[in-house]
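# Report on the structure
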Amino acid sequence: ACASAALKDVAAYFTKEYGQVAVFDATNTTRERRAVINSFAKERGYKVFFVESICDDPEIITENIKQVKFGSPDYIDRDIEEAMTDFVQRIECYKASYTSIDDEKDRKLSYIKIFDVGSRYLVNQVQDHIQSRIVYYLMNIHVTPRSIYLSRHGESELNLLGRIGGDSGLSPRGLKYADALAVFIRDQQIKDLKVWTSHMKRTIQTAEALGVQYEQWKALNEIDAGVCEELTYEEIQENFPEEFAMRDQEKYRYRYPKGESYEDLVHRLEPVIMELERQENVLVICHQAIMRCLIAYFLDKPADELPYLRCPLHTVLKLTPVAYGCKVESFFLNIEAVNTHREKPTNVTISRKSDEALQTVPKHN
Amino acid sequence: MTNCPTLIVTVGLPARGKTYISKKLTRYLNWIGVPTKEFNVGDYRRECLKIYKSFEFFRPDNEEGVKIRRQCAMSALNDVRQYLSVEGGQVAVFDATNTTRDRRGTIMKFAEQNGFKVFFVESVCEDPEVIAQNIVQVKLENPDYMNCSSEEAIEDFMERIKCYETSYQPLDEDLDSDVSYIKIMDVGRRYLVNRVVDHIQSRIVYYLMNIHITPRSIYLCRHGESDLNIKGRIGGDSGLSGRGKEFAKRLRNFLEEQNIKDLKIWTSQMKRTIQTAECLGVPYEQWKSLNEIDAGVCEEMMYEEIQEHFPLEFALRDQDKYRYRYPKGESYEDLVQRLEPVIMELERQENVLVICHQAIMRCLLAYFLDKTSHELPYLKCPLHTVLKLTPVAYGCKVESVYLGVESVNTHRDRPENVNVQRSTEDALQTVPAHL
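Note that the structure is predicted; figures quoted are calculated from it, not measured. Sequence positions are assigned chain by chain, starting from 1 and proceeding in written order. Labels are handed out in written order, letters beginning with A for the chains and numbers beginning with 1 for the ligands. Totals for whole chains, interfaces and linings use all residues, but because this is a predicted model, local features are given only for residues with pLDDT of at least 70 and pairs of side-chain atoms are given and counted only at 80 or more. Neither water nor hydrogens contribute to the side-chain values; these are computed over all heavy atoms in the structure.

## Looking at the overall build of chain A
- Only DSSP runs of H or I covering at least 4 residues are called helices, and only runs of E covering at least 2 are called strands; the numbering of each starts at the N terminus. What chain A contains, in helices and strands, is 13 helices and nine strands.
- For chain A, the residues scored as buried account for 48% of the 365 residues in total.
- Whether two residues are in contact is decided by their heavy atoms: any pair within 4.5 Å suffices. For chain A, the proportion of contacts with a sequence separation of at least 24, taken over those separated by at least 6, is 63%.
- Reported accessibility uses the Shrake-Rupley method at a 1.4 Å probe radius. Residues are deemed covered only where the shown protein chains occlude them. A total of about 19,500 Å² of accessible surface is found on chain A, and carbon and sulfur atoms cover 52% of it.
- Charge counting treats Lys and Arg as positive and Asp and Glu as negative, with His and both chain ends excluded. Where a charge sits is defined by one atom per residue type, namely NZ (Lys), CZ (Arg), CG (Asp) or CD (Glu). Computing the positive centroid from 47 side-chain charges and the negative centroid from 57, chain A places the two 2 Å apart. Buried, partly exposed and exposed residues are distinguished by accessible area as a fraction of the type maximum, computed with a 1.4 Å probe on protein chains only: under 20%, between the cut-offs, and over 50%, respectively.

Set out below in structure tokens:
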């Protein structure tokens, strides 16, 4: 009955809310149950893709139970041993009737079988682009504990002048930050840390201070502001008041003339995210818009929040995957810097006055 | 991408597509910038044996045959070592049947001794139609069968396959659980992937899982002639000229004549490709990745102006056109990176028409026709000409169709003098005529 209710909600999501993909998360361990889901989908013209996870390693299962089951509403009022025993018995209830997807009988189904947390995969009948991307993604994720450090470059000369974009070097305070970052990283004592930067001077200069090898990614370059490159917000308002207003109306989708949008950034950052998933400990030294996109991925922020996420200079964010999400720790390395965060102003209409447009511009030289 | 070189080893009975996969994978890896070379043991055997008599050579009880085949494999491995350890190669594809665990063990030992990672690619297929089609497409043209009739060749080849069948030990989930491999079953219906250890292996798996052999054609063309084309200006986002619009109409007729099943049409997000597609009267998909190369500070300039304002940059570009990046712009090398998802999707698709731009088309063509990074930026992609690419055997058949509408020439060959101190005249020697 609960499964039917969930399936009804799936149908509503597709038809009324224009959803593209629904992930139906349950044990679905019997052939009957899977047949019910298949018929449900066939009747409505949905494609079905099964993701089966098979694992008999007792250590992994215990770790799993500890990490996510104890926090579950099901076990809120129990003590740990009780919860563990109860959960292990719950698993036993399913085992007897568990029929894994069968390579012969189910040869017409589209599915991926994941064995032992990714050491082996069986992929059958991938039908289309989205299924191919899903398979690629699932084959690149892992559960090995690690942390991802995100930081912007040190304060740059153009930051001080309140100008966006460009390719300037670090200011004196920015250089101080780079040194502070080196100390911070050393103190964190991170095993096999990989360091990534963009191709722009300010991230490279920041990495140079660390005294370790780093890899440059063009995909990590700051958003291209096109005709607005190296302008101050005041100059943008003066020269392109309409563009400025349209950007405030829809900051995620807005594309600078001859430049990019946040939406474009996400597209070009996808290979970076894929490689971050494959890697273990990584420090990414990047830029404000870039960092907003990466954080939105890790912290599941929607498109309308993404362009307004706070990513101040001289602050390292340490992300550590835990349970179903990410623990976030923020470290301000105590070197002063300008604020480059411009909030959405109250008035975003094209007819607004200059001072309304410039209401939220942070201070600069 | 990786620190130690990778040895990819094919596994499978004859006529299972190993060489097809080897060549295609090699072409893909080289295109994305990973130096890769394939080593076909069959070629070594042909070099050694000179004359192929019959399948008897492959009988497991033919001592002389076994000895020669082993020597050929060793010789190929030696060349692999040379390529990966001395010549700076990153990936070597060792293309042979490698059907016994013993042979694979020898290869893994060799790799370990030399510090190479190993990744096996096994192709398993029992569909007699696929195998027959395979034999017809690539074996009949093979030097081994130059002097036989088709029937004789097919008969002999089937016997050859039998020689391997009895001793074939496919990669096994349990016995080979520590080995990194992908097992491709029935031409991609099903895959088993085991122990992918690094980025390059993950990319290889993704690529292999997206390719198919369903017959289809890919049509490449540029937008119709644009207003900026006529003025000899590069880049920008102008609309079609009168002649460009005429081309779009002729393109529509051409496609109707071709009578293509389920044709997908892709354009960039620039006016000139969109306007071209609009004339076709069918749905099309816009890709930002198909946008023309960003010429940065040189956008919308004529070559004469680039020479006047940025003579140093202009010379540097001529010195290394593939790697040169316009200030605040892109290089061909950057283009290849942003076109990789386009290539991946083209591999997944069937009949597609891509309406794009000169630099973009050069990159796509280089991928399909296996052109090097030196040749790529100078490939000829004239306006108003459609290239029809049809995969056949191990490569691509190319048909070039000029649709009969005049246009400017936008192809600038590499000038003789690429020195930074060259005269203006030398620099502009190869600039095509314009208004």
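Having seen it, we continue.
## Some words on the sheet that holds strand β11 (residues 385–392) of chain B
Residues and elements named next belong to chain B.
- At least two DSSP bridges between two strands are required for those strands to pair. Taken in spatial order, the six strands make up an open sheet running β9-β8-β10-β7-β11-β12, and their pairing is mixed. Edge positions in the open sheet fall to β9 (285–286) and β12 (395–402), since each of these has one partner strand only.
- Docked against the sheet, helix α9 (residues 242–258) engages β7 (218–222), β10 (352–356), β11 and β12, running at close to 170 degrees with respect to β7. Lines are fitted to the C-alpha atoms to define the axes, a helix being fitted only along its stretch in contact, and any angle between axes, read from their N-to-C directions, falls within 0 to 180 degrees.

## Overview of the pairing of strand β1 (residues 50–54) of chain A
Residues and elements named next belong to chain A.
- The two faces of β1 differ: F50, E52 and I54 on one face are buried, but V51 and S53 on the other face are not.
- Note that β1 and strand β2 (residues 111–115) share five bridges and pair parallel. Counterpart to V51 in the pairing with β2 is I112.

## Let's talk about the layout of surface pockets
Residue and element names in this part refer to chain B.
- Buried and open spaces are told apart on a 1 Å grid over the protein atoms alone, a cavity being a set of points where a 1.4 Å probe fits but cannot get out and a pocket being an open set with protein on both sides within 12 Å along at least five of seven lines. Residues with an atom within 4 Å of a point are the lining residues. Grid points are joined across faces, edges and corners, and a volume is the space filled by probe spheres set on the points. Its volume calculated, the second largest pocket comes out at about 980 Å³.
- Those elements that place two or more of their residues in the lining of the second largest pocket are α1 (18–31), β2 (36–40), α2 (41–49), α3 (63–86), α4 (101–114), α5 (128–139) and α6 (150–165).
- Put simply, Ala, Val, Leu, Ile, Met, Phe, Trp, Tyr, Cys and Pro go in the nonpolar bin, Asp, Glu, Lys and Arg in the charged bin, and everything else, Gly too, in the polar bin. Looking at the lining of the second largest pocket residue by residue, the class counts come to 16 nonpolar, 11 polar and 16 charged.

## Focus: the packing of aromatic side chains
- The rule is short: rings of Phe, Tyr and Trp, with Trp giving its six-membered ring, pair when the centres are within 6.5 Å, and they are stacked under 30 degrees, edge-to-face over 60, tilted in between. A complete count under the given rule lists 24 aromatic pairs over all chains for this structure.
- Aromatic side chains Y367 of chain B and F368 of chain B sit 5.0 Å apart centroid to centroid with 70 degrees between the ring planes, which places their arrangement in the edge-to-face category. The exposure classification of Y367 of chain B matches that of F368 of chain B, with both residues buried.
- Pairwise contacts between aromatic rings join Y52, F57, F58, Y145, F157 and Y164 of chain B into one cluster.
- We count a charge as sitting over a ring when the NZ of a lysine or the CZ of an arginine lies within 6 Å of the ring centre and within 35 degrees of the ring normal. Just above the ring of Y233 of chain A sits the side chain of R342 of chain A; from NZ or CZ to the centre is 5.4 Å.
- For the cation-ring pair, R27 of chain B lies above Y367 of chain B, with the distance from its terminal atom to the ring centre recorded as 4.7 Å.

## Looking at the interface of chain A and chain B
- Taken together, the contact between chain A and chain B spans 31 residues of the former and 32 residues of the latter.
- In total, chain A and chain B occlude about 2,500 Å² of area from one another, counting both sides; carbon and sulfur atoms represent 43% of this.
- Buried area is a sum: the accessible area each of two parts loses on coming together, probed at 1.4 Å, counted once for each and added. Sorting the residues of chain A by area buried against chain B places R120, Y136 and K218 of chain A first, and these three jointly supply 22% of that buried surface.
- The working definition used for a salt bridge is a side-chain nitrogen of Lys or Arg within 4 Å of a carboxyl oxygen of Asp or Glu. For the pair chain A and chain B, the number of links is five salt bridges.
- Ionic pairing is found between R120 of chain A and E173 of chain B, a salt bridge with its closest N-O pair at 3.0 Å.
- For this analysis, a polar contact is any N or O atom pair within 3.5 Å, provided that within protein one partner can donate a hydrogen and the other can accept it, and provided that sequence-adjacent residues contribute only side-chain to side-chain pairs. Linking chain A to chain B there are 17 residue pairs in polar contact (both at pLDDT 80 or more).
- Along the lines of polarity and charge, the residues of the side of chain A that touches chain B split into seven nonpolar, 10 polar and 14 charged.
- Note: strand β3 (residues 120–124) of chain A against strand β6 (residues 190–194) of chain B, five bridges, orientation antiparallel.

## A look at the side chain of K18 of chain B
- Locating K18 of chain B in the fold gives a position in helix α1.
- Buried and unpaired, K18 of chain B has D95 of chain B as its nearest opposite-charge partner, separated by 5.6 Å.

## As for the UniProt feature "domain: 6-phosphofructo-2-kinase" (unreviewed entry) in chain A
- Here, the residues flagged by UniProt with the feature "domain: 6-phosphofructo-2-kinase" (unreviewed entry) are residues 2–145 of chain A.
- Span residues 2–145 of chain A is 46% helix and 10% strand, its end C-alpha atoms 34 Å apart. UniProt positions are given in the numbering used here, feature names are shortened, and annotations may be inferred rather than shown by experiment.

## Quick word on the packing of helix α5 (residues 129–138) of chain A against helix α7 (residues 199–208) of chain B
- Viewed as axis vectors pointing N to C, α5 of chain A and α7 of chain B meet at an angle of 160 degrees, and their least axial separation amounts to 11 Å. Between α5 of chain A and α7 of chain B, the angle falls in the class roughly antiparallel. As α5 of chain A runs across α7 of chain B, the sense of the crossing is right-handed. Where α5 of chain A approaches α7 of chain B, its residues S132, R133 and Y136 of chain A are matched on the opposing element by S202, R203 and Y206 of chain B.
- The residue makeup of the contact of α5 of chain A with α7 of chain B, split by class, is two nonpolar, two polar and two charged. Should an angle fall under 35 degrees it is called roughly parallel, over 145 degrees roughly antiparallel, and 65 to 115 degrees roughly perpendicular, with every other angle called oblique. Definitions for this section: a left-handed crossing has its near helix turned counterclockwise from the far helix by less than a right angle. A right-handed crossing has that turn clockwise.

## Remarks on unusual backbone geometry
- With phi around 65 degrees, N334 of chain A is a residue other than glycine that occupies positive phi space.
- Summarising the element assignment, N334 of chain A is placed in the loop between β9 (325–332) and α13 (354–357).
- With relative accessibility at 66%, the residue N334 of chain A sits in the exposed group.
- Backbone geometry at D262 of chain B places phi at a positive 50 degrees, although glycine is not the residue there.
- Residue placement: D262 of chain B occurs in the loop between α9 and β8 (264–267).
- Taking the relative accessible area as the measure of exposure, D262 of chain B reaches 61% and is therefore exposed.

## Remarks on the packing of α3 of chain B against α4 of chain B
All names here are of chain B.
- Contact pair α3 / α4: the axes reach a minimum separation of 12 Å and the direction vectors enclose 25 degrees. With respect to their mutual orientation, α3 and α4 come out roughly parallel. Here α3 runs over α4; the crossing is right-handed. Residue-level contacts link R70, A73, M74, L77, V80 and R81 of α3 to R103, T106, I107, F110 and N114 of α4.
- Residue composition of the contact of α3 with α4, by class: six nonpolar, two polar and three charged.

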